[in-house]
There are 2 protein chains.
Amino acid sequence: MTYTVHIKVMPHKELLDPQGKAVMGGLKNLGLAGVADVRVGKNITLQVNADSPELAKSIAEEASKKLLSNPVMEYFEVAVM
Amino acid sequence: MTYTVHIKVMPHKELLDPQGKAVMGGLKNLGLAGVADVRVGKNITLQVNADSPELAKSIAEEASKKLLSNPVMEYFEVAVM
């Protein structure tokens with residue numbers, strides 16, 4: 001069966017996020033008030049062929065660890081639909 | 001009040017996603033079988049100061065339209081936590 005797996009990769013909360021700071025500057029320049037903080041990460045959607053949702057999740061977690069996230073700077077969350 | 005708003009920006013389903021194709025090639029090289037399709041987008045978390053969740057959502061939608069997404073190639077989804 002094919003499962004849709006969503007992986008969210010975000011910068012660690014303790015770290016500065018330069019891309020988020022740049023976006024916040026851009027929003028201020030556009031006159032959009034009220035935005036106090038911005039953090040920018042990646043969102044990856046996989047179509048995984050696996051026998052069970054658990055197996056699909058473990059494949060996605062392995063992909064996240066080995067290729068999609070940098071554990072020094074980012075954390076990831078995996079959700080199987 | 002401060003609301004946490006999640007914005008998901010993904011390439012349109014009809015369009016080719018070169019970044020996703022590159023990731024799929026990388027996964028194949030790592031020996032991770034079973035992944036049939038990959039799409040890569042952005043995930044943006046805003047902290048918005050607003051009087052109501054509806055107002056926070058409309059600020060985030062305006063930010064998405066004006067700065068965070070390219071409507072020709074991407075769609076976005078906004079969710080207020």
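Residues numbered from 1 in each chain as written. Chains lettered and ligands numbered in written order. Predicted model: local features only at pLDDT ≥ 70, side-chain atom pairs only at ≥ 80, totals over all residues. Heavy atoms only, no water.

Caption draft 1: The arrangement of the interface of chain A and chain B in detail. Taken together, the contacts link 31 residues of chain A with 31 residues of chain B. Interface area for chain A against chain B, summed over the two sides, is near 2500 Å², with a carbon-plus-sulfur share of 66%. Counting across the chain A and chain B interface gives zero salt bridges. Inspection of the chain A/chain B interface yields 10 residue pairs in polar contact (both at pLDDT 80 or more). Elements with a contribution of two residues or more to the side of chain A that touches chain B: strand S1 (2-11), helix H1 (18-29), strand S2 (35-49) and helix H2 (53-68) of chain A. When residues of the side of chain A that touches chain B are assigned to their parent elements, the largest contribution, 15 residues, is made by S2 of chain A. Its residues placed into classes, the side of chain A that touches chain B shows 17 nonpolar, eight polar and six charged. Two strands pair when backbone bridges link them, and S2 of chain A and strand S2 (residues 35-49) of chain B are joined in this way by 13 bridges, in the antiparallel orientation. Bridge pairing links Val-40 of chain A to Ile-44 of chain B in S2 of chain B. (Contact = heavy atoms within 4.5 Å. Buried area = accessible area lost by both parts, 1.4 Å probe. Salt bridge = Lys/Arg side-chain N within 4 Å of Asp/Glu carboxyl O. Polar contact = N/O pair within 3.5 Å; in protein donor to acceptor, adjacent residues only side chain to side chain. Helix = DSSP H or I, 4+ residues; strand = E, 2+ residues; numbered from the N terminus. Nonpolar A, V, L, I, M, F, W, Y, C, P; charged D, E, K, R; others polar. Pairing = 2+ DSSP bridges.)

Caption draft 2: Spotlight on the relation of the copies chain A and chain B. Of the transformation placing chain A onto chain B, the axial shift is 0.0 Å and the rotation is 180 degrees, giving an RMSD of 0.0 Å. Both copies of the chain, as the preceding transformation shows, are related through a two-fold rotation axis. Identified as the residue of chain A closest to the rotation axis by C-alpha distance is Lys-42 of chain A, at 2.3 Å. Looking at chain A, 100% of its interface residues are interface residues in chain B too, so the copies touch through the same face. (Least-squares fit on C-alpha atoms with pLDDT ≥ 70 in both.)

Caption draft 3: Fine view of H1 of chain A. Here H1 of chain A contains 12 residues, and its C-alpha end-to-end distance of 17 Å stays within 8% of the 16 Å for a straight helix at 1.5 Å per residue. Within the span of H1 of chain A, buried status applies to Gly-20, Val-23, Met-24, Gly-26 and Leu-27 of chain A. The buried residues of H1 of chain A occupy one face: seen down the axis, they fall within an arc of 160 degrees. Away from its buried face by more than 90 degrees, H1 of chain A exposes Pro-18, Ala-22, Lys-28 and Asn-29 of chain A. Elements that come into contact with the buried residues of H1 of chain A comprise S2 of chain A together with S2 and helix H2 (53-68) of chain B. Residue Gly-31 of chain A follows H1 of chain A closely and has a positive phi angle near 80 degrees. (Expected span 1.5 Å × (residues − 1). Buried < 20%, exposed > 50% of the residue type's maximum accessible area, 1.4 Å probe, protein only. Arc of directions from axis to C-beta.)

Caption draft 4: Representation of the confidence of the model for chain A in the model. Residues at a pLDDT of 70 or more form 100% of chain A, whose mean pLDDT is 95. Both scores are available for the predicted complex, with the pTM at 0.90 and the ipTM at 0.89. (pLDDT = per-residue confidence, 0-100.)

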